[in-house]
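Per-entry structural report
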Amino acid sequence: MPRGLKQIIDAFALSGEYHWEIAMAATLIATIPMILVFAFAQRYILDGLATSAKQG
């Protein structure tokens, strides 16, 4: 993910001037799926953490 975002930043860097709005839009688009997966799987993730904490 970081490598792809760096390529996007470099692709839109014109004459040493970076277009941070494009970089931030790409970061947001890359982050949304991770947030959605966590939102839907939060119960199972936290149950797994709690179960493993009780065992050890």
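Everything below is about the structure shown above.
Numbering of residues begins from 1 in every chain and follows the order in which that chain's sequence is written. Given that this is a predicted model, residues contribute local features only at a pLDDT of at least 70 and side-chain atom pairs are listed and counted only at 80 or more, while totals for whole chains, interfaces and linings are drawn from all residues. In computing side-chain properties, one takes all heavy atoms of the structure into account and sets aside hydrogens as well as water.

1. Side note on the pattern of salt bridges
Should a side-chain nitrogen of Lys or Arg be within 4 Å of a carboxyl oxygen of Asp or Glu, the pair is scored as a salt bridge. The tally for this structure, following the rule as stated, stands at 1 salt bridge. The closest approach of N and O atoms between Asp10 and Lys6, which form a salt bridge, is 3.1 Å. With a gap of 4 residues between them, Asp10 and Lys6 both fall in helix α1 (residues 2–11), about one helical turn apart. Each residue is assigned to one of three classes by its accessible area relative to the maximum for its type, calculated with a 1.4 Å probe on protein chains only: buried under 20%, partly exposed between the two thresholds, exposed over 50%. Overall, Lys6 belongs to the partly exposed group, its relative accessible area being 45%. Counting from the N terminus, the helices are the DSSP runs of H or I reaching at least four residues and the strands are the DSSP runs of E reaching at least two.

2. Side note on the packing of α1 against helix α2 (residues 20–55)
Where α1 contacts α2, the two axes come as close as 9 Å, and the packing angle between them is 155°. Between α1 and α2, the angle falls in the class roughly antiparallel. Note on packing geometry: the crossing formed by α1 with α2 is right-handed. Between α1 and α2, the contacting residues are Leu5, Ile8 and Ile9 on the first element and Trp20, Ile22, Ala23, Ala26 and Thr27 on the second. Classifying every residue of the contact of α1 with α2 gives 7 nonpolar, 1 polar and no charged. To get an axis, fit a line to the C-alpha atoms, keeping to the stretch in contact for a helix; angles then go from 0 to 180 degrees between the N-to-C directions. Roughly parallel here means an angle under 35 degrees, roughly antiparallel means over 145, roughly perpendicular means 65 to 115, and every remaining angle is called oblique. Whether a crossing is left-handed or right-handed is set by the direction in which the near helix is turned from the far one by less than a right angle, anticlockwise for left-handed and clockwise for right-handed. Contacts are assigned to residue pairs that have any heavy atoms within 4.5 Å of one another. Residues were grouped as follows: Ala, Val, Leu, Ile, Met, Phe, Trp, Tyr, Cys and Pro as nonpolar; Asp, Glu, Lys and Arg as charged; and all remaining residues, including Gly, as polar.

The values reported here are purely geometric and, on their own, carry no functional implication.
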